[in-house]
Amino acid sequence: MPAKEEKDGDEITNPYHIAQRLIERATETLELQEGVYDILKKPKRVMKVSIPVRRDNGDVVNYTGIRAQHTDILGPTKGGVRFHPGVNEDEVIALSMWMSLKTAIVGIPFGGGKGGIIVNPEELSEREIEELSRGFIRELEPIMGPEKDIPAPDVNTNPKIMGWMLDEFDRLRGHNVPGFITGKPLIIGGSEGRVEATGRGVVITIREAAKRLDYDLNKMTAVIQGFGNVGSNAAKYLEESGVKVIGITDAKGGVYNENGLDIASLIEYAKETKTVKGFPGSEDLSNDDLFSLECDILIPAALENQITGDNANQIKAKIVAEAANGPTTPQGNKLLEDNGVFVIPDILCNAGGVTVSYFEWVQNAMHYSWKEKEVAEKLEEKMVDAFKAVYDMRDAKKVKMREAAYLVGVGRLAKAMIARGWIKNWEMPIDC
Ligand SMILES: NC(=O)C1=CN([C@@H]2O[C@H](COP(=O)(O)OP(=O)(O)OC[C@H]3O[C@@H](n4cnc5c(N)ncnc54)[C@H](O)[C@@H]3O)[C@@H](O)[C@H]2O)C=CC1
Ligand SMILES: O=C(O)CCC(=O)C(=O)O
(Lines give C-alpha, C1' and ligand atoms only; values in the text may rest on other atoms or scores of the structure.)
(Ligands and ions follow the chains in the order given, each with its own letter.)
Protein backbone atom coordinates (compact mmCIF):
# COMPACT_ATOMS: atom_id res chain seq x y z
CA MET A 1 0.00 0.00 0.00
CA PRO A 2 1.47 3.41 -0.86
CA ALA A 3 2.37 5.59 2.10
CA LYS A 4 0.06 8.35 0.92
CA GLU A 5 -3.05 6.30 1.77
CA GLU A 6 -2.51 7.11 5.45
CA LYS A 7 -3.61 10.54 6.56
CA ASP A 8 -1.38 12.94 8.46
CA GLY A 9 -3.16 12.64 11.82
CA ASP A 10 -3.08 8.81 11.82
CA GLU A 11 -0.73 6.91 14.09
CA ILE A 12 1.36 5.12 11.47
CA THR A 13 3.11 2.04 12.76
CA ASN A 14 3.98 0.19 9.56
CA PRO A 15 7.75 0.84 9.34
CA TYR A 16 7.74 0.52 5.55
CA HIS A 17 5.18 3.29 5.24
CA ILE A 18 7.08 5.42 7.75
CA ALA A 19 10.32 5.02 5.80
CA GLN A 20 8.56 5.79 2.51
CA ARG A 21 6.97 8.95 3.87
CA LEU A 22 10.24 10.30 5.22
CA ILE A 23 12.12 9.52 2.02
CA GLU A 24 9.36 11.06 -0.09
CA ARG A 25 9.46 14.24 1.97
CA ALA A 26 13.22 14.49 1.52
CA THR A 27 12.95 14.03 -2.26
CA GLU A 28 10.36 16.83 -2.32
CA THR A 29 12.50 19.20 -0.26
CA LEU A 30 15.45 18.43 -2.53
CA GLU A 31 13.18 19.02 -5.53
CA LEU A 32 14.24 15.71 -7.04
CA GLN A 33 12.60 14.24 -10.09
CA GLU A 34 9.78 11.84 -9.24
CA GLY A 35 11.83 8.99 -10.64
CA VAL A 36 14.19 9.23 -7.69
CA TYR A 37 11.42 8.53 -5.20
CA ASP A 38 10.13 5.78 -7.49
CA ILE A 39 13.50 4.08 -7.18
CA LEU A 40 13.96 4.63 -3.45
CA LYS A 41 10.41 3.86 -2.33
CA LYS A 42 10.76 0.11 -2.80
CA PRO A 43 13.50 -2.50 -2.51
CA LYS A 44 15.47 -3.72 -5.48
CA ARG A 45 14.93 -7.32 -4.38
CA VAL A 46 13.14 -9.24 -1.64
CA MET A 47 13.58 -12.96 -1.24
CA LYS A 48 11.41 -15.09 1.02
CA VAL A 49 12.61 -18.59 1.79
CA SER A 50 11.42 -21.70 3.64
CA ILE A 51 13.80 -23.22 6.12
CA PRO A 52 12.78 -26.66 7.40
CA VAL A 53 14.40 -27.51 10.73
CA ARG A 54 14.27 -30.87 12.48
CA ARG A 55 13.43 -30.12 16.10
CA ASP A 56 15.10 -32.11 18.88
CA ASN A 57 11.87 -34.12 19.37
CA GLY A 58 12.01 -35.31 15.73
CA ASP A 59 9.29 -32.97 14.36
CA VAL A 60 10.08 -30.84 11.33
CA VAL A 61 9.10 -27.16 11.48
CA ASN A 62 9.29 -25.01 8.36
CA TYR A 63 10.42 -21.48 9.26
CA THR A 64 10.20 -18.40 7.00
CA GLY A 65 13.27 -16.28 6.28
CA ILE A 66 13.29 -12.95 4.47
CA ARG A 67 16.09 -10.89 2.95
CA ALA A 68 15.46 -7.43 1.49
CA GLN A 69 18.03 -5.61 -0.64
CA HIS A 70 16.98 -1.99 -0.96
CA THR A 71 19.58 -0.36 -3.19
CA ASP A 72 23.15 -1.16 -4.15
CA ILE A 73 23.81 2.23 -5.68
CA LEU A 74 26.68 2.94 -3.26
CA GLY A 75 27.98 -0.61 -2.95
CA PRO A 76 26.98 -4.16 -1.94
CA THR A 77 23.86 -4.27 0.19
CA LYS A 78 24.60 -4.57 3.90
CA GLY A 79 22.65 -5.16 7.05
CA GLY A 80 21.84 -7.42 9.96
CA VAL A 81 19.69 -10.50 10.35
CA ARG A 82 17.16 -10.64 13.19
CA PHE A 83 15.45 -13.65 14.74
CA HIS A 84 12.10 -12.58 16.18
CA PRO A 85 8.48 -13.77 16.11
CA GLY A 86 7.38 -10.30 14.94
CA VAL A 87 9.56 -10.28 11.80
CA ASN A 88 7.55 -9.54 8.65
CA GLU A 89 8.23 -8.45 5.09
CA ASP A 90 7.35 -4.78 5.54
CA GLU A 91 9.55 -4.54 8.62
CA VAL A 92 12.52 -6.13 6.86
CA ILE A 93 12.07 -3.84 3.84
CA ALA A 94 11.94 -0.74 6.04
CA LEU A 95 15.05 -1.86 7.89
CA SER A 96 16.84 -2.29 4.53
CA MET A 97 15.80 1.23 3.47
CA TRP A 98 17.16 2.65 6.72
CA MET A 99 20.43 0.80 6.05
CA SER A 100 20.78 2.55 2.66
CA LEU A 101 20.39 5.95 4.32
CA LYS A 102 22.62 5.07 7.28
CA THR A 103 25.53 3.96 5.13
CA ALA A 104 25.18 7.12 3.01
CA ILE A 105 25.20 9.30 6.13
CA VAL A 106 28.40 7.76 7.53
CA GLY A 107 29.92 7.72 4.07
CA ILE A 108 30.73 4.05 3.57
CA PRO A 109 30.47 2.21 0.25
CA PHE A 110 27.51 -0.02 1.04
CA GLY A 111 23.88 -0.17 0.03
CA GLY A 112 21.04 -1.23 2.30
CA GLY A 113 19.98 -4.76 3.12
CA LYS A 114 18.32 -6.54 6.03
CA GLY A 115 17.15 -10.02 6.89
CA GLY A 116 15.01 -11.82 9.39
CA ILE A 117 13.56 -15.15 10.39
CA ILE A 118 10.10 -15.42 11.93
CA VAL A 119 10.97 -17.37 15.04
CA ASN A 120 11.16 -17.09 18.80
CA PRO A 121 14.72 -18.27 19.41
CA GLU A 122 14.00 -18.75 23.11
CA GLU A 123 11.93 -21.79 22.14
CA LEU A 124 14.80 -23.45 20.25
CA SER A 125 17.83 -25.39 21.48
CA GLU A 126 21.30 -24.30 20.40
CA ARG A 127 21.43 -27.13 17.84
CA GLU A 128 18.10 -26.04 16.38
CA ILE A 129 19.26 -22.41 16.12
CA GLU A 130 22.43 -23.54 14.35
CA GLU A 131 20.41 -25.60 11.85
CA LEU A 132 18.09 -22.64 11.24
CA SER A 133 21.02 -20.24 10.75
CA ARG A 134 22.74 -22.57 8.31
CA GLY A 135 19.46 -23.17 6.43
CA PHE A 136 18.92 -19.40 6.04
CA ILE A 137 22.31 -19.08 4.33
CA ARG A 138 21.80 -22.19 2.16
CA GLU A 139 18.59 -20.72 0.76
CA LEU A 140 19.94 -17.19 0.25
CA GLU A 141 23.46 -18.00 -0.92
CA PRO A 142 22.71 -17.23 -4.60
CA ILE A 143 22.00 -13.55 -3.81
CA MET A 144 24.73 -13.08 -1.20
CA GLY A 145 28.49 -12.60 -1.11
CA PRO A 146 31.13 -10.05 -0.13
CA GLU A 147 30.52 -7.99 -3.27
CA LYS A 148 26.73 -8.54 -3.33
CA ASP A 149 25.03 -8.61 0.05
CA ILE A 150 26.73 -8.91 3.44
CA PRO A 151 24.83 -9.90 6.59
CA ALA A 152 25.64 -9.03 10.23
CA PRO A 153 24.08 -9.40 13.69
CA ASP A 154 20.84 -7.72 14.77
CA VAL A 155 18.14 -8.56 17.34
CA ASN A 156 18.70 -12.04 18.86
CA THR A 157 21.70 -12.84 16.65
CA ASN A 158 25.35 -12.66 17.69
CA PRO A 159 28.96 -13.54 16.73
CA LYS A 160 28.38 -17.26 17.34
CA ILE A 161 25.51 -17.28 14.83
CA MET A 162 27.60 -15.24 12.35
CA GLY A 163 30.31 -17.94 12.69
CA TRP A 164 27.84 -20.70 11.74
CA MET A 165 26.52 -18.63 8.83
CA LEU A 166 30.04 -17.98 7.55
CA ASP A 167 30.93 -21.65 7.80
CA GLU A 168 27.84 -22.61 5.79
CA PHE A 169 28.64 -20.04 3.11
CA ASP A 170 32.29 -21.20 2.91
CA ARG A 171 31.16 -24.84 2.48
CA LEU A 172 28.81 -23.88 -0.34
CA ARG A 173 31.52 -21.88 -2.13
CA GLY A 174 34.23 -24.45 -1.41
CA HIS A 175 36.69 -21.92 0.01
CA ASN A 176 36.94 -19.34 2.81
CA VAL A 177 35.15 -16.03 2.16
CA PRO A 178 35.59 -14.07 5.40
CA GLY A 179 34.18 -10.84 3.90
CA PHE A 180 30.82 -12.57 3.36
CA ILE A 181 29.62 -11.64 6.86
CA THR A 182 30.56 -9.20 9.62
CA GLY A 183 30.22 -9.36 13.38
CA LYS A 184 31.83 -12.83 13.33
CA PRO A 185 34.20 -14.15 16.01
CA LEU A 186 37.72 -12.64 15.95
CA ILE A 187 39.43 -15.98 15.30
CA ILE A 188 37.73 -16.34 11.89
CA GLY A 189 38.19 -12.74 10.76
CA GLY A 190 35.96 -10.65 13.02
CA SER A 191 37.02 -7.10 13.89
CA GLU A 192 38.10 -5.80 17.24
CA GLY A 193 35.45 -3.40 18.48
CA ARG A 194 32.50 -4.66 16.39
CA VAL A 195 30.56 -6.00 19.39
CA GLU A 196 30.84 -2.63 21.12
CA ALA A 197 30.53 -0.49 17.97
CA THR A 198 26.83 0.39 17.91
CA GLY A 199 26.68 1.36 21.60
CA ARG A 200 29.95 3.26 21.29
CA GLY A 201 28.61 5.16 18.27
CA VAL A 202 25.37 5.98 20.09
CA VAL A 203 27.34 7.59 22.91
CA ILE A 204 29.54 9.55 20.47
CA THR A 205 26.38 11.09 18.97
CA ILE A 206 25.04 11.90 22.45
CA ARG A 207 28.34 13.58 23.32
CA GLU A 208 28.26 15.60 20.08
CA ALA A 209 24.66 16.65 20.79
CA ALA A 210 25.53 17.65 24.36
CA LYS A 211 28.41 19.82 23.07
CA ARG A 212 26.10 21.69 20.69
CA LEU A 213 23.37 22.07 23.32
CA ASP A 214 25.87 23.11 26.00
CA TYR A 215 25.03 20.27 28.39
CA ASP A 216 27.60 18.75 30.76
CA LEU A 217 27.53 14.93 30.50
CA ASN A 218 28.81 14.65 34.06
CA LYS A 219 25.61 16.20 35.32
CA MET A 220 23.26 14.13 33.18
CA THR A 221 21.12 11.06 33.81
CA ALA A 222 19.97 8.47 31.28
CA VAL A 223 17.43 5.66 30.93
CA ILE A 224 17.63 2.84 28.39
CA GLN A 225 15.03 0.49 26.93
CA GLY A 226 16.73 -2.75 25.87
CA PHE A 227 19.86 -4.27 27.40
CA GLY A 228 21.12 -6.46 24.57
CA ASN A 229 24.18 -5.77 22.47
CA VAL A 230 23.34 -2.13 21.80
CA GLY A 231 21.70 -1.11 25.08
CA SER A 232 24.34 -2.69 27.32
CA ASN A 233 27.25 -1.18 25.40
CA ALA A 234 25.57 2.22 25.28
CA ALA A 235 25.15 1.98 29.07
CA LYS A 236 28.82 1.09 29.50
CA TYR A 237 30.09 4.02 27.41
CA LEU A 238 27.60 6.45 28.96
CA GLU A 239 28.83 5.51 32.42
CA GLU A 240 32.43 5.97 31.24
CA SER A 241 31.47 9.42 29.94
CA GLY A 242 30.18 10.47 33.36
CA VAL A 243 26.44 10.01 32.72
CA LYS A 244 24.46 8.35 35.52
CA VAL A 245 22.32 5.53 34.08
CA ILE A 246 19.33 5.32 36.44
CA GLY A 247 16.81 3.08 34.66
CA ILE A 248 16.96 0.12 32.28
CA THR A 249 14.27 -2.24 30.99
CA ASP A 250 14.33 -5.33 28.79
CA ALA A 251 11.66 -7.69 27.46
CA LYS A 252 11.25 -9.32 30.89
CA GLY A 253 11.27 -6.34 33.25
CA GLY A 254 13.28 -3.38 34.42
CA VAL A 255 15.41 -1.81 37.15
CA TYR A 256 15.76 1.64 38.68
CA ASN A 257 18.31 3.20 41.00
CA GLU A 258 18.26 6.96 41.46
CA ASN A 259 21.96 6.92 42.39
CA GLY A 260 22.94 5.18 39.16
CA LEU A 261 23.10 1.48 38.27
CA ASP A 262 26.51 -0.24 38.38
CA ILE A 263 26.71 -1.17 34.70
CA ALA A 264 29.59 -3.68 34.82
CA SER A 265 27.80 -5.67 37.56
CA LEU A 266 24.48 -5.39 35.73
CA ILE A 267 26.06 -6.77 32.54
CA GLU A 268 27.38 -9.77 34.52
CA TYR A 269 24.00 -10.22 36.23
CA ALA A 270 22.07 -10.10 32.92
CA LYS A 271 24.47 -12.60 31.35
CA GLU A 272 23.61 -15.09 34.11
CA THR A 273 19.87 -14.46 34.44
CA LYS A 274 19.06 -13.38 30.82
CA THR A 275 17.35 -10.25 32.18
CA VAL A 276 18.08 -7.10 34.18
CA LYS A 277 14.99 -7.81 36.32
CA GLY A 278 15.75 -8.39 39.97
CA PHE A 279 19.24 -6.81 39.92
CA PRO A 280 20.20 -6.50 43.61
CA GLY A 281 20.06 -2.96 45.01
CA SER A 282 17.54 -1.70 42.46
CA GLU A 283 13.79 -1.13 42.35
CA ASP A 284 11.51 -2.73 39.74
CA LEU A 285 10.68 -0.59 36.72
CA SER A 286 8.11 -1.13 33.95
CA ASN A 287 8.56 -0.07 30.33
CA ASP A 288 5.78 2.50 30.71
CA ASP A 289 7.40 4.00 33.77
CA LEU A 290 10.80 4.09 32.05
CA PHE A 291 9.52 6.46 29.39
CA SER A 292 8.05 8.91 31.90
CA LEU A 293 11.04 8.95 34.28
CA GLU A 294 12.65 12.25 35.18
CA CYS A 295 15.96 12.09 33.26
CA ASP A 296 18.05 13.93 30.66
CA ILE A 297 18.64 11.23 28.04
CA LEU A 298 16.27 8.50 26.85
CA ILE A 299 17.70 5.70 24.70
CA PRO A 300 15.26 3.30 23.06
CA ALA A 301 17.49 0.30 22.21
CA ALA A 302 14.95 -2.48 21.56
CA LEU A 303 12.38 -2.51 18.76
CA GLU A 304 10.24 -0.28 16.54
CA ASN A 305 7.23 1.85 17.54
CA GLN A 306 8.05 2.36 21.21
CA ILE A 307 7.62 6.15 21.31
CA THR A 308 4.14 6.93 19.98
CA GLY A 309 1.37 9.50 20.08
CA ASP A 310 0.26 7.81 23.30
CA ASN A 311 3.41 8.19 25.38
CA ALA A 312 5.60 10.88 23.75
CA ASN A 313 4.07 13.66 25.84
CA GLN A 314 5.13 11.89 29.02
CA ILE A 315 8.80 11.90 28.04
CA LYS A 316 10.81 14.31 30.17
CA ALA A 317 14.23 13.68 28.62
CA LYS A 318 15.97 16.54 26.81
CA ILE A 319 17.66 14.17 24.35
CA VAL A 320 16.20 11.04 22.75
CA ALA A 321 18.99 8.98 21.19
CA GLU A 322 17.50 6.36 18.88
CA ALA A 323 19.79 3.38 19.27
CA ALA A 324 17.05 1.06 17.95
CA ASN A 325 15.85 1.22 14.35
CA GLY A 326 12.51 2.96 13.98
CA PRO A 327 11.65 3.31 17.69
CA THR A 328 9.51 6.44 17.15
CA THR A 329 6.28 6.73 15.15
CA PRO A 330 5.70 9.93 13.13
CA GLN A 331 3.12 11.05 15.69
CA GLY A 332 5.48 10.35 18.56
CA ASN A 333 8.20 12.23 16.70
CA LYS A 334 5.98 15.26 16.15
CA LEU A 335 5.16 15.47 19.84
CA LEU A 336 8.83 15.16 20.81
CA GLU A 337 9.80 17.90 18.38
CA ASP A 338 6.91 20.15 19.49
CA ASN A 339 8.06 19.66 23.08
CA GLY A 340 11.60 20.75 22.19
CA VAL A 341 13.22 17.34 22.68
CA PHE A 342 16.46 16.96 20.70
CA VAL A 343 16.09 13.71 18.75
CA ILE A 344 19.18 11.95 17.42
CA PRO A 345 17.55 9.90 14.64
CA ASP A 346 18.24 6.19 14.28
CA ILE A 347 19.90 6.41 10.86
CA LEU A 348 22.58 8.59 12.46
CA CYS A 349 22.56 7.44 16.08
CA ASN A 350 23.06 3.68 15.57
CA ALA A 351 25.32 3.86 12.49
CA GLY A 352 28.42 2.86 14.50
CA GLY A 353 27.62 -0.84 14.05
CA VAL A 354 27.63 -0.87 10.29
CA THR A 355 30.63 1.47 10.28
CA VAL A 356 32.77 -1.06 12.13
CA SER A 357 31.24 -3.80 9.97
CA TYR A 358 32.69 -1.86 7.05
CA PHE A 359 36.08 -1.79 8.79
CA GLU A 360 35.78 -5.57 9.30
CA TRP A 361 35.06 -6.07 5.59
CA VAL A 362 38.05 -3.86 4.69
CA GLN A 363 40.34 -5.82 7.04
CA ASN A 364 39.09 -9.10 5.50
CA ALA A 365 39.87 -7.77 2.02
CA MET A 366 43.39 -6.85 3.17
CA HIS A 367 43.89 -10.12 5.08
CA TYR A 368 45.06 -7.93 7.94
CA SER A 369 43.63 -6.85 11.26
CA TRP A 370 43.69 -3.59 13.19
CA LYS A 371 43.99 -3.21 16.93
CA GLU A 372 40.96 -2.03 18.88
CA LYS A 373 42.45 1.45 19.36
CA GLU A 374 42.70 1.96 15.62
CA VAL A 375 39.14 0.75 15.02
CA ALA A 376 37.84 3.03 17.79
CA GLU A 377 39.68 6.05 16.36
CA LYS A 378 38.33 5.41 12.87
CA LEU A 379 34.79 4.97 14.25
CA GLU A 380 35.10 8.21 16.20
CA GLU A 381 36.06 10.11 13.06
CA LYS A 382 33.20 8.66 10.98
CA MET A 383 30.56 9.32 13.65
CA VAL A 384 31.75 12.87 14.36
CA ASP A 385 31.75 13.70 10.64
CA ALA A 386 28.29 12.16 10.19
CA PHE A 387 26.88 14.07 13.16
CA LYS A 388 28.34 17.30 11.78
CA ALA A 389 26.88 16.69 8.31
CA VAL A 390 23.40 16.19 9.77
CA TYR A 391 23.66 19.03 12.27
CA ASP A 392 24.89 21.44 9.58
CA MET A 393 22.00 20.38 7.33
CA ARG A 394 19.61 21.05 10.23
CA ASP A 395 20.98 24.59 10.46
CA ALA A 396 21.13 25.17 6.71
CA LYS A 397 17.56 24.02 6.03
CA LYS A 398 16.07 25.07 9.40
CA VAL A 399 14.68 21.58 10.00
CA LYS A 400 14.85 19.09 12.86
CA MET A 401 17.52 16.42 13.11
CA ARG A 402 15.42 13.59 11.63
CA GLU A 403 14.54 15.52 8.51
CA ALA A 404 18.14 16.71 8.23
CA ALA A 405 19.38 13.11 8.37
CA TYR A 406 17.00 12.12 5.57
CA LEU A 407 18.14 15.11 3.48
CA VAL A 408 21.78 14.07 3.87
CA GLY A 409 21.05 10.38 3.19
CA VAL A 410 18.67 10.84 0.27
CA GLY A 411 20.82 13.68 -1.12
CA ARG A 412 23.89 11.46 -1.23
CA LEU A 413 21.95 8.63 -2.88
CA ALA A 414 20.69 11.14 -5.46
CA LYS A 415 24.28 12.32 -6.04
CA ALA A 416 25.22 8.72 -6.80
CA MET A 417 22.29 8.51 -9.24
CA ILE A 418 23.63 11.59 -11.04
CA ALA A 419 27.13 10.09 -11.10
CA ARG A 420 25.77 6.88 -12.60
CA GLY A 421 23.74 8.77 -15.19
CA TRP A 422 20.36 7.76 -13.76
CA ILE A 423 19.33 11.40 -13.29
CA LYS A 424 20.06 13.93 -16.02
CA ASN A 425 19.89 17.72 -16.19
CA TRP A 426 19.73 18.26 -12.47
CA GLU A 427 22.07 19.67 -9.87
CA MET A 428 21.88 19.24 -6.12
CA PRO A 429 20.27 22.40 -4.70
CA ILE A 430 22.29 21.97 -1.48
CA ASP A 431 25.59 20.54 -0.42
CA CYS A 432 25.23 17.23 1.41
N1 LIG B 1 23.38 -5.10 16.88
C2 LIG B 1 23.74 -4.05 16.17
O3 LIG B 1 24.92 -3.86 15.84
C4 LIG B 1 22.73 -3.03 15.76
C5 LIG B 1 21.45 -3.05 16.25
N6 LIG B 1 20.60 -2.03 15.95
C7 LIG B 1 19.25 -1.99 16.49
O8 LIG B 1 19.30 -1.88 17.91
C9 LIG B 1 18.15 -2.54 18.48
C10 LIG B 1 18.61 -3.57 19.49
O11 LIG B 1 19.43 -4.52 18.83
P12 LIG B 1 20.43 -5.48 19.61
O13 LIG B 1 20.88 -4.84 20.87
O14 LIG B 1 21.41 -5.95 18.64
O15 LIG B 1 19.48 -6.69 19.95
P16 LIG B 1 19.59 -7.74 21.16
O17 LIG B 1 18.81 -8.90 20.75
O18 LIG B 1 21.01 -7.92 21.55
O19 LIG B 1 18.85 -6.98 22.36
C20 LIG B 1 17.53 -6.56 22.29
C21 LIG B 1 17.11 -6.06 23.67
O22 LIG B 1 15.81 -5.50 23.58
C23 LIG B 1 15.02 -6.05 24.62
N24 LIG B 1 13.61 -6.01 24.26
C25 LIG B 1 12.97 -6.70 23.30
N26 LIG B 1 11.66 -6.40 23.33
C27 LIG B 1 11.50 -5.49 24.30
C28 LIG B 1 10.38 -4.78 24.82
N29 LIG B 1 9.16 -4.95 24.31
N30 LIG B 1 10.60 -3.91 25.82
C31 LIG B 1 11.82 -3.73 26.35
N32 LIG B 1 12.91 -4.35 25.90
C33 LIG B 1 12.73 -5.21 24.90
C34 LIG B 1 15.55 -7.46 24.79
O35 LIG B 1 15.15 -8.02 26.03
C36 LIG B 1 17.04 -7.20 24.71
O37 LIG B 1 17.51 -6.71 25.95
C38 LIG B 1 17.36 -3.08 17.29
O39 LIG B 1 16.43 -2.11 16.89
C40 LIG B 1 18.43 -3.23 16.21
O41 LIG B 1 17.90 -3.22 14.92
C42 LIG B 1 20.98 -0.97 15.16
C43 LIG B 1 22.23 -0.92 14.64
C44 LIG B 1 23.17 -1.99 14.82
O1 LIG C 1 26.68 -4.20 10.87
C2 LIG C 1 25.92 -4.25 9.93
O3 LIG C 1 26.23 -4.56 8.81
C4 LIG C 1 24.46 -3.90 10.06
C5 LIG C 1 23.99 -3.48 11.40
C6 LIG C 1 22.52 -3.29 11.33
O7 LIG C 1 21.79 -4.23 11.06
C8 LIG C 1 21.93 -1.98 11.53
O9 LIG C 1 22.64 -0.98 11.51
O10 LIG C 1 20.70 -1.89 11.71
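Residues numbered from 1 in each chain as written. Chains lettered and ligands numbered in written order. Predicted model: local features only at pLDDT ≥ 70, side-chain atom pairs only at ≥ 80, totals over all residues. Heavy atoms only, no water.

An unreviewed UniProt entry annotates the protein chain as Glutamate dehydrogenase of Pseudalkalibacillus berkeleyi. The annotation that UniProt attaches to the protein chain under Sequence similarities (unreviewed entry) is "Belongs to the Glu/Leu/Phe/Val dehydrogenases family." (UniProt positions renumbered as here; feature names shortened; annotations may be inferred.)

We now examine the overall build of the protein chain. Scanning the protein chain from terminus to terminus reveals 14 helices and 13 strands. Along the three orthogonal principal directions, the C-alpha set of the protein chain runs to about 65 × 55 × 45 Å. Expressed as a percentage of the 432 residues in the protein chain, the buried residues total 57%. For the protein chain, contacts bridging at least 24 residues in sequence account for 66% of all contacts bridging at least 6. (Helix = DSSP H or I, 4+ residues; strand = E, 2+ residues; numbered from the N terminus. Buried < 20%, exposed > 50% of the residue type's maximum accessible area, 1.4 Å probe, protein only. Contact = heavy atoms within 4.5 Å.)

Helix packing for two helices is described by the angle between their axes and how far apart those axes are. In the contact formed by helix H1 (residues 15-29) and helix H14 (residues 401-419), the axes pass within 9 Å of each other and the chain directions differ by 70°. It follows that H1 is roughly perpendicular to H14 by the angle criterion. Contact with H1, carried on its side by Ala-19, Leu-22, Ile-23, Arg-25, Ala-26, Thr-27 and Thr-29, involves Arg-402, Glu-403, Tyr-406, Leu-407 and Val-410 of H14 and no other residues of that element. Its residues assigned to classes, the contact of H1 with H14 comprises seven nonpolar, two polar and three charged. (Axes fitted to C-alpha atoms, helices over the stretch in contact; angles between N-to-C directions. Parallel < 35°, antiparallel > 145°, perpendicular 65-115°, else oblique. Nonpolar A, V, L, I, M, F, W, Y, C, P; charged D, E, K, R; others polar.)

Here we take up the domain arrangement of the protein chain. In terms of domains, the protein chain is made up of domain 1 (1-41 + 400-432), domain 2 (43-178) and domain 3 (197-349). Domain 1 and domain 2 are separated by 26 Å when their C-alpha centres are compared. Listed as interface residues are 19 residues of domain 1 and, on the opposing side, 16 residues of domain 2. Both faces combined, the contact of domain 1 with domain 2 buries some 1,500 Å², and carbon together with sulfur accounts for 74% of it. (Domains from an automatic or database assignment. Buried area = accessible area lost by both parts, 1.4 Å probe.)

It is worth spelling out the pattern of salt bridges at this point. The tally for this structure, following the rule as stated, stands at 35 salt bridges. When the shortest N-O distance is used, the salt bridge between Lys-219 and Asp-216 registers 3.8 Å. Linked through salt bridges whose partners overlap, the residues forming this network are Glu-130, Arg-134, Arg-138, Asp-167, Glu-168 and Arg-171. (Salt bridge = Lys/Arg side-chain N within 4 Å of Asp/Glu carboxyl O.)

So, on to the packing of aromatic side chains. Within the structure shown, the criterion is met by nine aromatic pairs. Geometrically, the ring pair formed by Phe-110 and Trp-361 is edge-to-face, given 4.9 Å between the ring centres and 65° between the ring planes. Remark: Trp-361 occurs in helix H12 (residues 352-366) and Phe-110 occurs in the loop between helix H3 (89-106) and strand E5 (111-118); sequence separation between them is 251 residues. Of the two residues examined, Phe-110 and Trp-361, each falls in the buried class. Centre to centre, the rings of Tyr-358 and Phe-359 are 5.8 Å apart; their planes meet at 45°, and the pair counts as tilted. For the residue pair Tyr-358 and Phe-359, the accessibility class agrees, reading buried in each case. Directly above the aromatic system of Tyr-215 lies the positively charged group of Lys-318, at a separation of 5.8 Å from the ring centroid. In this arrangement the basic side chain of Lys-378 is found over the ring face of Trp-370, its NZ or CZ atom lying 4.5 Å from the centre. (Phe/Tyr/Trp six-rings, centres within 6.5 Å; stacked < 30°, edge-to-face > 60°. Lys NZ or Arg CZ within 6 Å of the ring centre and 35° of its normal.)

On to the site of ligand 2, then. In the vicinity of ligand 2 there are 13 residues, among which Lys-78, Lys-102, Lys-114, Arg-194 and Ser-357 approach most closely. At a separation of 2.7 Å, an oxygen atom of ligand 2 approaches a polar side-chain atom of Lys-102. Here an oxygen atom of ligand 2 and a side-chain polar atom of Arg-194 are 2.9 Å apart. For ligand 2, whose accessible area on its own is 290 Å², the fraction buried by protein is 96%. (Near = heavy atom within 4 Å. Polar contact = N/O pair within 3.5 Å; in protein donor to acceptor, adjacent residues only side chain to side chain. Areas by Shrake-Rupley, 256 points an atom, 1.4 Å probe, with all protein chains shown as cover.)

What follows concerns the site of ligand 1. Near ligand 1 there are 23 residues, and of these Asp-154, Asn-156, Thr-198, Asn-287 and Asn-325 occur at the shortest range. Arg-82 is positioned with one of its side-chain polar atoms (N or O) 2.9 Å from an oxygen atom of ligand 1. At 3.0 Å from an oxygen atom of ligand 1 is found a main-chain nitrogen or oxygen belonging to Ala-251. Calculation on ligand 1 without its partners gives an accessible area of 830 Å², and the protein chains cover 85% of this total. For the shell around ligand 1, the secondary-structure elements that each account for two or more residues are helix H6 (194-213) and helix H7 (229-240). Its residues assigned to classes, the shell around ligand 1 comprises 10 nonpolar, nine polar and four charged. Built from parts of two domains, the shell around ligand 1 gets at least three residues from each of domain 2 (43-178) and domain 3 (197-349).

What follows concerns the pairing of strand E2 (residues 60-71). Strand residues, when the strand is regular, have side chains that alternate between the two faces of the sheet. Across 10 bridges, strand E1 (residues 45-54) lies against E2 in antiparallel orientation. What sits directly across from Val-53, in E2, is Val-61. Alignment of E2 against E5, held across six bridges, turns out to be antiparallel. Directly across from Ile-66, in E5, lies its bridge partner Gly-116. (Pairing = 2+ DSSP bridges.)

At a minimum axis distance of 8 Å, the contact between helix H13 (residues 372-397) and H14 shows a crossing angle of 110°. In this view, H13 runs roughly perpendicular relative to H14, as classed from their interaxial angle. For the pair H13 and H14, the contacting residues are Phe-387, Ala-389, Val-390, Tyr-391, Met-393, Arg-394 and Lys-397 in the first and Met-401, Ala-404, Ala-405, Leu-407, Val-408 and Arg-412 in the second.

Judged by nonpolar contacts, the single largest core of 98 residues is most densely connected at Val-202, Ile-206, Leu-238, Ile-248, Ile-299 and Ile-344. If we ignore the near neighbours within four places in the chain, the residues touching Ile-206 are Leu-217, Leu-238, Ile-297, Ile-299, Ala-321 and Ile-344. One finds Val-53, Leu-132, Ile-143 and Trp-164 within the second-largest nonpolar core, a separate group that totals 25 residues. (Core = buried A, V, L, I, M, F, W, Y, C linked by side-chain atoms within 4.5 Å.)

The next thing to look at is unusual backbone geometry. The backbone phi angle of Asn-156 is positive, close to 65°, even though this residue is not glycine. Mapping Asn-156 onto the fold places it in the loop between strand E6 (149-150) and helix H5 (159-173). With phi around 55°, Lys-398 is a residue other than glycine that occupies positive phi space. Secondary-structure assignment places Lys-398 in the loop between H13 and H14. Residue classification places Lys-398 among the exposed residues on the basis of a relative accessible area of 73%.

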